[in-house]
There are 2 protein chains.
Amino acid sequence: MDKPYVLGLDMGGTNSVLGIVDARGHVLARTSIKTQEYADINDYVDALYTEAMRIIEPVGGIEMFRGMGAGAPNGNYYTGNIELAPNLPWKGIVPLARLLSDKFGIPCHVTNDANAAAMGEMVYGVAKGMKNFIMITLGTGVGSGIVIDGKVVYGHDGFAGELGHVTVDRSENARTCGCGGKGHLEAYASATGVARSAKEIISSTSEPTLLRQLDIDHITSKDVYDAAEAGDEVAKRIFDYTGTILGHSFADFVAFSAPEAIILFGGLTKSGHWIMDPIVRAMEESLLPIWKGKIKVLFSDLKESDAAVLGASALAWE
Amino acid sequence: MDKPYVLGLDMGGTNSVLGIVDARGHVLARTSIKTQEYADINDYVDALYTEAMRIIEPVGGIEMFRGMGAGAPNGNYYTGNIELAPNLPWKGIVPLARLLSDKFGIPCHVTNDANAAAMGEMVYGVAKGMKNFIMITLGTGVGSGIVIDGKVVYGHDGFAGELGHVTVDRSENARTCGCGGKGHLEAYASATGVARSAKEIISSTSEPTLLRQLDIDHITSKDVYDAAEAGDEVAKRIFDYTGTILGHSFADFVAFSAPEAIILFGGLTKSGHWIMDPIVRAMEESLLPIWKGKIKVLFSDLKESDAAVLGASALAWE
């Protein structure tokens, strides 16, 4: 059999997880190292290689691998570099793809986390067979990966697909985003965005709500979900507010690339219909007539613990 | 020489202009028929063919032509059909590409006006050599054609690139768009949108302005330009208002596809720096840091009378 496996590296600010993946999207083995323990990127690559060999040797050695994909913060597909990532120990520009392919002796491609997630959905997930879709990751930030004609859109410089930073509120009292901008989608639909909405909505009413018993500065979408499930009206209103902003933005995204589907991944999707219903309602009311009732909104069905490694590994099949 | 020419058809609600174009983008000959005179699409195609032969025979006959491209309202590249165009005499779905290629005996492709304009810029205009750009047409409506990796984006259904219908104002008093939607870019940056802004801004102030002498219901961007050139502060404010809305929207478009340039075509571009300056200022203040100072905004340099025929003809070289 001709090189049946690929390696997927999910590089996060805390942990770096490396997995062996087959063509069906099974993660056969995995290992990890602590990203922050290596002040020098060369030490990081050496340590990763040593760890990797423990799982690579048992499946037949590096000759069995077609290539390697890495999802990293600020990873640039065109250059193979990590560029100015604020949460990694290495400053400036890190030539990650070159360092990894030199060390491992197989081709290596790098991209950012959200583009890797989009690749993972296309190769192994709910977007299998789709040629046009948009991936939205709802986590600490809001990321996106855009697929057109079966290819991830990188733009002229490799940085396309920053849909967390489109402006959804241009008014005076728009929220400040983590990036310094004003009124960006991420400031409303990220984990901290939802927490802030919860605080604002709870503070603005004297209605009874289960959420008032919690520490108002640390409410999570899981807390809001639990309350909504228990019939809490204020909790439902928080999902309604968040979902409406997402749905309106999605209508604009559809006007751009007319995707077959918008696929959602991340913590907020665990709130199920409580977040899905207002998203779809708001998107439908904003879509042009030609698209009404035609654009799917789907949750990812990849196992959360595998998704990032799968997404990165998908790059290596190209 | 192997088929040196292509045909470009610019089908408008009033006139249909057909031109013979060479590889350098010279329009060697042109002819036209009245679109509205043919209640039956077959009669339209027959009349167009008869007219076309008058200019085709002198250059050596149809054997000299590689193909034909048509830009038509609601033209769909995937299907080759015109679909439900409100301003054309034919209702429902018209299989234009098939009818034309059957009649002329050469391959024919159809697209909408704004996508044709984007093709024209890429093949003959300021986007020559660019692989990633966005074309915005500012006329009766606001249209767009998006090019990624050297190809026009059609999306999963052929309708991608409706950037005139992204929402720029989600407030209660947002304008109603021609399409029935609320707060769309087209309601602010089309010819009627600018006229409406002029009326609102003039009515809201008692400042002296040259524009007050004009019929307030029929002010054009040319009137506003003339006044601005004469030093009129209210006229400058109208461009500032319009350009700010455009520039903010452009920043969102950049977050999507990271284009090398945004290219503008249409009546409003004749206002030169009066409209360009506020566009660039607003875009720059809204762009993410990675893109500040890096995205070009350019005016089309195609002759206005040739641009639509050139754009349509560009489809035929593919």
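Small disclaimer: the values here were computed from a predicted structure and weren't measured. (Residues numbered from 1 in each chain as written. Chains lettered and ligands numbered in written order. Predicted model: local features only at pLDDT ≥ 70, side-chain atom pairs only at ≥ 80, totals over all residues.)

**Looking at the overall build of chain A**
Defined as follows: For the purposes of this entry, the term helix denotes a DSSP run of H or I that reaches at least four residues, the term strand denotes a run of E that reaches at least two, and both are numbered from the N terminus. With C-alpha atoms as the basis for the radius of gyration, the globule rule is written as 2.2 Å multiplied by the number of residues raised to the power 0.38. Residue burial here comes from a neighbour count, namely the number of other C-beta atoms, placed from the backbone, that lie within 10 Å of the residue's own C-beta, with 20 or more meaning buried, 12 or fewer meaning exposed, and in between meaning partly exposed. Note on contacts: residues are paired as contacts if their backbone-placed C-beta atoms lie within 7 Å.
Within chain A one finds nine helices and twelve strands. Against the compact-globule benchmark of 20 Å for 318 residues, chain A has a radius of gyration of 20 Å, which places it among compact chains. With the C-alpha coordinates aligned to their principal axes, the bounding extent of chain A is approximately 65 × 45 × 35 Å. Out of the 318 residues in chain A, the part that is buried amounts to 51%. By sequence separation, contacts in chain A at least 24 residues apart represent 63% of the contacts at least 6 residues apart.

**Digging into helix 6 (residues 221-229) of chain A**
Within the span of helix 6 of chain A, buried status applies to S221, D223, V224, Y225, A227 and A228 of chain A. A positive phi of about 90° marks G231 of chain A, the residue just after helix 6 of chain A.

**Brief notes about unusual backbone geometry**
One non-glycine residue, A258 of chain A, adopts positive backbone phi at about 45°. Tracing the backbone through its elements, the reader meets A258 of chain A in the loop between helix 7 (233-257) and strand 11 (261-265). Backbone geometry at N74 of chain B places phi at a positive 60°, although glycine is not the residue there. By the element assignment, N74 of chain B lies in the loop between strand 4 (65-71) and strand 5 (82-83). Take N74 of chain B: there are 19 C-beta atoms within 10 Å of it, and that puts it in the partly exposed class.

**Quick notes on the nonpolar core**
Rules: Working definition: the nonpolar core is a set of buried Ala, Val, Leu, Ile, Met, Phe, Trp, Tyr and Cys residues, joined through C-beta atoms within 7 Å.
By size, the foremost hydrophobic cluster in this structure holds 206 residues, and its most contacted members are A70 and V224 of chain A together with A70 and V224 of chain B. Setting aside chain neighbours within four positions, we find A70 of chain A in contact with L9, M11, G75, L96, L100, C108, V110 and A312 of chain A.

**Examining the environment of N15 of chain B**
Structurally, N15 of chain B is set in strand 2 (residues 15-22). Taking the C-alpha atoms as reference points, N15 of chain B and Q36 of chain B, 21 residues apart in sequence, are found 7.8 Å from one another.

**With respect to the relation of the copies chain A and chain B**
For clarity, the cut-off: The copies were overlaid with a least-squares fit restricted to C-alpha atoms from residues scoring a pLDDT of at least 70 in each copy.
Mapping chain A onto chain B calls for a screw motion: a turn of 180° about the axis and a shift of 0.0 Å along it, with 0.0 Å RMSD after fitting. With respect to symmetry, the two chain copies, as superposed, fit the operation of a two-fold axis.

**So, the interface of chain A and chain B**
Every contact between the two is made by 29 residues of chain A and, on the other side, 29 residues of chain B. Put simply, the parts of the chain that give the side of chain A that touches chain B at least two residues each are strand 9 (142-148) and helix 7 of chain A. Considering every element that reaches the side of chain A that touches chain B, the biggest residue donor is helix 7 of chain A, with five residues.

**Section: helix 8 (residues 273-286) of chain A**
All names here are of chain A. Put simply, the rule is: Any helix carries an expected span of 1.5 Å times its number of residues minus one.
For helix 8, spanning 14 residues, the distance from its first C-alpha to its last is 19 Å, which sits close to the expected 20 Å at 1.5 Å a residue. All of the buried residues along helix 8 are W274, I275, M276, P278, I279, A282, M283 and S286. Looking at the buried side of helix 8, the elements it contacts are helix 6, helix 7 and strand 12 (296-299).

**With respect to the packing of helix 6 of chain A against helix 7 of chain A**
All names here are of chain A. Operational definition: Between N-to-C directions, angles cover 0 to 180 degrees, with each direction set by a line fitted to C-alpha atoms, over the stretch in contact for helices. Roughly parallel covers angles under 35 degrees, roughly antiparallel covers those over 145, roughly perpendicular covers 65 to 115, and oblique covers all other angles. Crossing chirality is assigned from the near helix's rotation relative to the far helix, an anticlockwise turn below a right angle marking it left-handed and a clockwise turn marking it right-handed.
Where helix 6 meets helix 7, the closest approach of the two axes is 7 Å, and the angle between their N-to-C directions is 125°. As judged from the angle between their axes, helix 6 and helix 7 are oblique. Judged by the twist between their axes, the crossing of helix 6 over helix 7 is left-handed. Counting all contacts with helix 6, which are made through V224, A227 and A228, the residues of helix 7 involved are A235, K236, I238 and F239.

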